[in-house]
Amino acid sequence: GGYHIVCGPVAFEISIPNSDGSARTGIANTAGTRFVSNHGSGLNNGNWHQVAFTLDGSTKRTYIDGVDVGTQAYTGTLETHVSGRAIGTFGLADGSYGLNGYLSQYIVFNRTLSSNEMQATFENQRGRYGI
């Protein structure tokens, strides 16, 4: 397909479009409204990268290598139950958008990390990958 899926499906998604190597992040609220956005670039260059996003209740913020690369406004109540979620594919039954790469860690926090915490997380991990 046109994406490398880190986690999917659409109600909770991190993926990388082949076209520009941006970070595509998506979440949904309980009303079924999807909030998806693409930010940054260069993730398809063959190097190790940290890709993350946070939600503080009103803003979804995307990070690449500890740097804030874009925001999207968010409204509603976060959908916290997403069936069929999978790591490395779009969903449990859909193998058409698989990840072409490796995942070293996948972490979900139960709180919003600050920009400083996001930068520190990247700095703490980058040496493991020669970055």
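None of the values given here were measured: they were computed from a predicted structure.

### Structural notes on the sheet that holds strand β7 (residues 67-73)
- Here 3 strands make up an open sheet; going across it, the order is β5-β6-β7 and the pairing antiparallel. Bordering the open sheet on either side are β5 (51-55) and β7, each of which pairs with just one other strand. If you compare each strand with its neighbour and ignore which way they point, the axes differ by 20° on average.
- Pairing of strand β6 (residues 59-64) with β7 involves 6 bridges; the strand directions are antiparallel. Bridge pairing links R61 to T71 in β7.
- Against the sheet, helix α1 (residues 115-126) touches β5, β6 and β7, its axis set at about 25° to β6.

### Some remarks on unusual backbone geometry
- A positive phi angle, close to 50°, is found at D65, a residue other than glycine.
- For D65, the location among the structural elements is in the loop between β6 and β7.
- Since its relative accessible area comes to 18%, D65 is described here as buried.

### Describing the environment of V10
- Within the element layout of this structure, V10 appears in the loop between β1 (3-8) and β2 (12-17).
- In the structure, V10 is positioned 16 residues away from G26 in sequence and 6.4 Å away in space, judged by C-alpha atoms.
- Ignoring anything within four residues of it in the chain, the contact list for V10 reads G26, I27, R34 and F90.

### As for the pattern of salt bridges
- Using the criterion set out here, one finds 5 salt bridges in the structure.
- For the salt bridge of R24 with E13, the shortest nitrogen-to-oxygen distance reads 3.3 Å. Taken together, the positions of R24 in strand β3 (residues 23-28) and E13 in strand β2 put the pair 11 residues apart, joining distant regions of the chain.
- Judged by its relative accessible area of 2%, E13 falls in the buried class.
- One connected set of salt bridges, linked through shared partners, spans E13, R24 and R34.

The rules behind the values
Residues numbered from 1 in each chain as written. Predicted model: local features only at pLDDT ≥ 70, side-chain atom pairs only at ≥ 80, totals over all residues. Heavy atoms only, no water. Pairing = 2+ DSSP bridges. Helix = DSSP H or I, 4+ residues; strand = E, 2+ residues; numbered from the N terminus. Axes fitted to C-alpha atoms, helices over the stretch in contact; angles between N-to-C directions. Contact = heavy atoms within 4.5 Å. Buried < 20%, exposed > 50% of the residue type's maximum accessible area, 1.4 Å probe, protein only. Salt bridge = Lys/Arg side-chain N within 4 Å of Asp/Glu carboxyl O.

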